[in-house]
Amino acid sequence: MTQIATSDSVRADFDGIIVSSVDGRPMQLERHQDEFWAEFDDPGWNGPPEARPRITRQVVMVTGSHHQNIYWYATGHERTLNILPAVYLLHEARWVPRDAVVLHPPNQRVATTDGHWNAICISCHTTNGKPLLSEPFGSVPINQQTVATTATEFGISCEACHGPAEAHVQINRNPMRRYREYANEETDPTIVQPKKLDSVRSSQVCGQCHGIWEFFDAKAERQANTAGLPYRPGDELRNTRFVAQPTVNANTDHMKNLLLADPEFVRGSFWRDGIVRVSGREYNGLIDSPCYKDAATAERTLTCFSCHSMHKSTDDPRSIDEWADTHQLSSGMTDNAACLACHETIEADVQAHTNHTETSSGGSCYNCHMPYTSYGLMTAIRSHTITSPTVQESIEVGRPNACNLCHLDQTLSWTSSHLNDWYDIPVPELARDERSVAASILWLMKGDAGVRAITAWHMGWQPAQGVSGSPWMVPFLGELLGDQYDAVRFLAAQSLRSVPGFEEFAYDFVGPVDDRIDAAVGVIQQWSTSSFPDRYRLPRLLFNANGALDITAMRDLFDERDTTALFLRE
Amino acid sequence: MSHVPKHTPAQLIFASRHIRFGWWSLLVFLTLGLVLEVFHGFKIGFYLDVSNATRRLMWTLAHAHGALLGIIHIVFGLNLRATLEMNKSNISLVSIALIGASVLLPGGFFLGGISFYAGDPGVGIAIVPLGAGLLLVAVFLTARAN
């Protein structure tokens, strides 16, 4: 969420700090009491690079409080905002270039246009935000427009989810009325309680921000620009916006028009089969889930509130931080109970269904049916499209399947054989390397940047390391240290540091190319001279008969890499 | 020549009763304060979590009102013993009102914090206004007699 820049919300040190991780000359940060200032190269400069001027601007707002602090400065033109050229990573306690935190093609700049926040971000990062731009964003340079942006409150405040509350506040000044409602356990008709809406509209309250959508037409954009988005909690979301759902509306005129204007609209957010692949868009995942769309009754329909609660309940023994760390899962929803509430037949004997012990990672409903196949915020996120793992999804769509995201050392053939034995899923026809090389290696070597990022993250995932071992991963993660995509390099280095012997591995994923290459070479050298258990010297992990790494096979796979440019729109 | 109050035996009995009640009351509510401090010290979520802010407020109020009322009892007893001229029926009324306030005010706040609703205390809070009314009566009668 977005907040005013204060000493509480600004987590980075601004006190005379020089940030060199930016495009151009270093950014200079200063703090003057409770004000935060930055001096940097003018990102809007279109003249010769050597004449690029420096600008000094005040940071006025901050977005993000869990993973990153993104800082917004006042450009000086009316109420226009833009983003600082560097972002502060909270866990790593370091600055990185703005572009580096988004999975984007190396030769393509991430949009840092003046007014982006005013026109786009405002809709979900404030309550009752109104862009109030005199012309549609992008049609006229913003500094030639009137920018009178307003918001009622920053962040997601009460009315974002509960709807307009003036009448509710007025009528509930009467304590007798309040206690009568408590006593009768009545639902207050003067306010929307998202959890008590029907299953469709309940999730749409969350979907207003956690979904991928577009205006129906230019007129709708202008109306929202002036009056704010027309959707109010409890409304039918699709009445006022086009919710992109390629599994359902790929061939509609709206989608075709969107693709004409923006050919990457679908590819940047969805897998080839139409399942959403980016974080923050969980509503799109939900509405494609059988637990939502095929539920027999309203009571058994999956909604956001089936698992999540937006206010920690008073009987939840966890602390606020613990609850928040689980993405606000309700008490008791962090384990299989979440699914078994409806799947009673499985509850009787979970192990018979999973073929894994109940306490193992393979015995977790979440791990198999909601694997970490979405990407965002420089990490892998659980898919919110409830699916059952298949090898078919990996060979046809390119999406890593849940089995091999844990059994990283096994082939697709191994997985298809087990799925056939256990669930009668037909064994698909597999190519030679799909039968002979571990699936994770195929994904790392041949997959697109998103697949590489997800697989690299799983190589640092403790359950996967526990099942598959980790020493054999080092050369493959080492190879990714030279990846063209910043996000892939970041995740590869992060996972590498979780492998015994590499905990202190020094590597800057946005450092100079030569340093990165040196680091990657150093990793391979350290690994090749370390004692490495023979049990991992397997052909499917690309070790030849002599127990040495089969560099030729590795290179052959690399040559088949999907190098299509990918920009994941998280 | 200074005015010498006309004490009656009943007045002195009431004075002793309130001084004794006040000290015991202080002991009870200062102990409650200590328990609340322990909750702070050990970061007890039952008391400190944001979702339990109503409980925290109610119990803090119970502690504060109970302790302050204990002091009022002691002051009233000393006042009665030293200078106060009040007829027996009024003393009796003030005594009942003060003791009632000492039970209802902190008791209501405490009950209101045991179980509560979203932003409102539990129904136990309903006895707080009764206690407040009794306290006002006691203070009024005492002020008039001084």
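Going by the structure above, here's the rest.
All of these numbers come straight from a predicted model, not from anything done at the bench.

**Quick notes on the overall build of chain A**
Part 1: Looking only at helices and strands, chain A has 27 helices and 15 strands in total.
Part 2: For chain A, whose C-alpha radius of gyration is 25 Å, the value lies close to the compact-globule estimate of 25 Å for 570 residues.
Part 3: A principal-axis box enclosing the C-alpha atoms of chain A has dimensions of 80 × 70 × 50 Å.
Part 4: Taking all contacts inside chain A whose residues are at least 6 apart in sequence as the whole, residues at least 24 apart take part in 58%.

**A look at the packing of helix 22 (residues 449–458) of chain A against helix 25 (residues 486–496) of chain A**
Residues and elements named next belong to chain A.
Part 1: Packing of helix 22 against helix 25 leaves a shortest axis separation of 8 Å and a crossing angle of 15°. In this view, helix 22 runs roughly parallel relative to helix 25, as classed from their interaxial angle. The way helix 22 lies across helix 25 gives a crossing that is left-handed. Only Val-488, Leu-491, Ala-492, Gln-494 and Ser-495 of helix 25 make contact with helix 22, whose side of the interface consists of Ala-449, Arg-452, Ala-453, Ala-456 and Trp-457.
Part 2: Class assignment for the residues of the contact of helix 22 with helix 25 results in seven nonpolar, two polar and one charged.

**Here's the deal with the packing of helix 4 (residues 88–114) of chain B against helix 5 (residues 127–145) of chain B**
Packed helix pairs are characterised by how far apart their axes lie and by the angle those axes make with each other.
All names here are of chain B.
Part 1: It is at 7 Å that the axes of helix 4 and helix 5 come closest, and there the two elements cross at 150°. Here helix 4 lies roughly antiparallel to helix 5, going by the angle between them. Between helix 4 and helix 5 lies a crossing whose hand is left-handed.
Part 2: Looking at the contact of helix 4 with helix 5 residue by residue, the classes come out as 17 nonpolar, six polar and one charged.

**Topic: the interface of chain A and chain B**
Part 1: Of the residues lining the interface, eight residues belong to chain A; the matching set on chain B comes to twelve residues.
Part 2: Of the roughly 720 Å² buried where chain A meets chain B, counting both sides, 54% is carbon and sulfur surface.
Part 3: By the criterion of area lost to chain B, the three top residues of chain A are Tyr-179, Tyr-182 and Thr-314 of chain A, representing 67% of everything that side buries.
Part 4: Applying the counting rule to chain A against chain B returns two salt bridges.
Part 5: Its salt-bridge partner being Arg-178 of chain A, residue Asp-120 of chain B comes within 2.4 Å of it at the nearest N-O pair.
Part 6: The interface formed by chain A and chain B holds four residue pairs in polar contact (both at pLDDT 80 or more) in total.
Part 7: Here the side of chain A that touches chain B gets three residues from one element, more than from any other, and that element is helix 4 (residues 175–184) of chain A.
Part 8: Partitioned by chemical class, the residues of the side of chain A that touches chain B number three nonpolar, two polar and three charged.

**A word on the state of the cysteines**
Disulfides are covalent bonds that connect the sulfur atoms of two cysteines.
All names here are of chain A.
Part 1: All told, the structure shown has one disulfide over all chains when counted by the stated rule.
Part 2: Disulfide pairing is shown between Cys-124 and Cys-209; the S-S distance is 2.3 Å. Taking the torsion about the S-S bond as the criterion, the Cys-124 to Cys-209 disulfide, at about -105°, is left-handed. Here Cys-209 lies in the loop between helix 5 (199–207) and strand 12 (213–214) and Cys-124 lies in helix 1 (residues 116–125), a separation of 85 residues in the sequence.
Part 3: Among the residues examined, Cys-209 registers a relative accessible area of 22% and is labelled partly exposed.
Part 4: As a non-bridged cysteine, Cys-339 has Cys-365 as the owner of its nearest cysteine sulfur, 4.1 Å distant.

Rules used in this analysis
- Residues numbered from 1 in each chain as written.
- Chains lettered and ligands numbered in written order.
- Predicted model: local features only at pLDDT ≥ 70, side-chain atom pairs only at ≥ 80, totals over all residues.
- Heavy atoms only, no water.
- Helix = DSSP H or I, 4+ residues; strand = E, 2+ residues; numbered from the N terminus.
- Rg over C-alpha atoms; globule rule 2.2 N^0.38 Å.
- Contact = heavy atoms within 4.5 Å.
- Axes fitted to C-alpha atoms, helices over the stretch in contact; angles between N-to-C directions.
- Parallel < 35°, antiparallel > 145°, perpendicular 65-115°, else oblique.
- Left-handed = near helix turned anticlockwise from the far one by under 90°.
- Nonpolar A, V, L, I, M, F, W, Y, C, P; charged D, E, K, R; others polar.
- Buried area = accessible area lost by both parts, 1.4 Å probe.
- Salt bridge = Lys/Arg side-chain N within 4 Å of Asp/Glu carboxyl O.
- Polar contact = N/O pair within 3.5 Å; in protein donor to acceptor, adjacent residues only side chain to side chain.
- Disulfide = S-S within 2.5 Å.
- Buried < 20%, exposed > 50% of the residue type's maximum accessible area, 1.4 Å probe, protein only.

None of the figures reported here should be taken as evidence of function without further support.
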